[in-house]
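Descriptive structure summary
Below are the chains, spelled out letter by letter.
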Amino acid sequence: MAAPDIAYRSAVDLADAMARRLLSAVEVMEETLRLVETREPSLNAIVFRGFAEARDAARAAEETLAVLLEAAR
């Protein structure tokens, strides 16, 4: 999936794509953070940039999903 597609998909669609392993939580987070960095200067809306924490949470979600999918087999 092309990165720009991620920005315009619903959370439900993204969750489905992650569950079907078409996308990873890390890919979605990286694209989201890239968009924030690109658009933030004109919006001036982000007060706290917890990018490292967001990346850690995405990796943890990816690991949890892998364990759940393995257990469901």
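Structure: above.
Below: a short report on this structure. Nothing here was measured: the structure is a model prediction, and the numbers come from that model.

Our next topic: helix H2 (residues 11-19). Given 3.6 residues per turn, any residue in an α-helix points the same way as the ones three and four places further on. Within the span of H2, buried status applies to Leu14, Ala17 and Met18. Down the axis, H2 shows its buried residues gathered within 100 degrees of arc, on one side only. Looking one or two residues past H2, Arg21 carries a phi angle of roughly 65 degrees, positive in sign.

Time to look at the packing of helix H3 (residues 25-43) against helix H4 (residues 51-72). Axis angle and axis distance: for two packed helices, these are the angle between their axes and the distance between the axes, and together they describe the pair. At a minimum axis distance of 8 Å, the contact between H3 and H4 shows a crossing angle of 160 degrees. One way to sum up the angle between H3 and H4 is to call them roughly antiparallel. For the element pair H3 and H4, the recorded crossing hand is right-handed. From H3, Ala25, Val26, Met29, Glu30, Leu33, Val36 and Glu37 reach across to H4, where they touch Phe51, Ala54, Arg55, Ala58, Arg59, Ala61 and Glu62. Counted by class, the contact of H3 with H4 contains 9 nonpolar, no polar and 5 charged residues.

This next bit is on the nonpolar core. Residues Ile6, Leu14, Ala17, Met18, Leu23, Ala25, Val28 and Ala58 constitute the largest nonpolar core, which totals 8 residues. Residue assignment for this core shows that the elements contributing at least two residues are H2 and H3. With 3 residues, H2 is the single largest residue contributor to this core.

Calculation rules
- Residues numbered from 1 in each chain as written.
- Predicted model: local features only at pLDDT ≥ 70, side-chain atom pairs only at ≥ 80, totals over all residues.
- Heavy atoms only, no water.
- Buried < 20%, exposed > 50% of the residue type's maximum accessible area, 1.4 Å probe, protein only.
- Helix = DSSP H or I, 4+ residues; strand = E, 2+ residues; numbered from the N terminus.
- Arc of directions from axis to C-beta.
- Axes fitted to C-alpha atoms, helices over the stretch in contact; angles between N-to-C directions.
- Parallel < 35°, antiparallel > 145°, perpendicular 65-115°, else oblique.
- Left-handed = near helix turned anticlockwise from the far one by under 90°.
- Contact = heavy atoms within 4.5 Å.
- Nonpolar A, V, L, I, M, F, W, Y, C, P; charged D, E, K, R; others polar.
- Core = buried A, V, L, I, M, F, W, Y, C linked by side-chain atoms within 4.5 Å.

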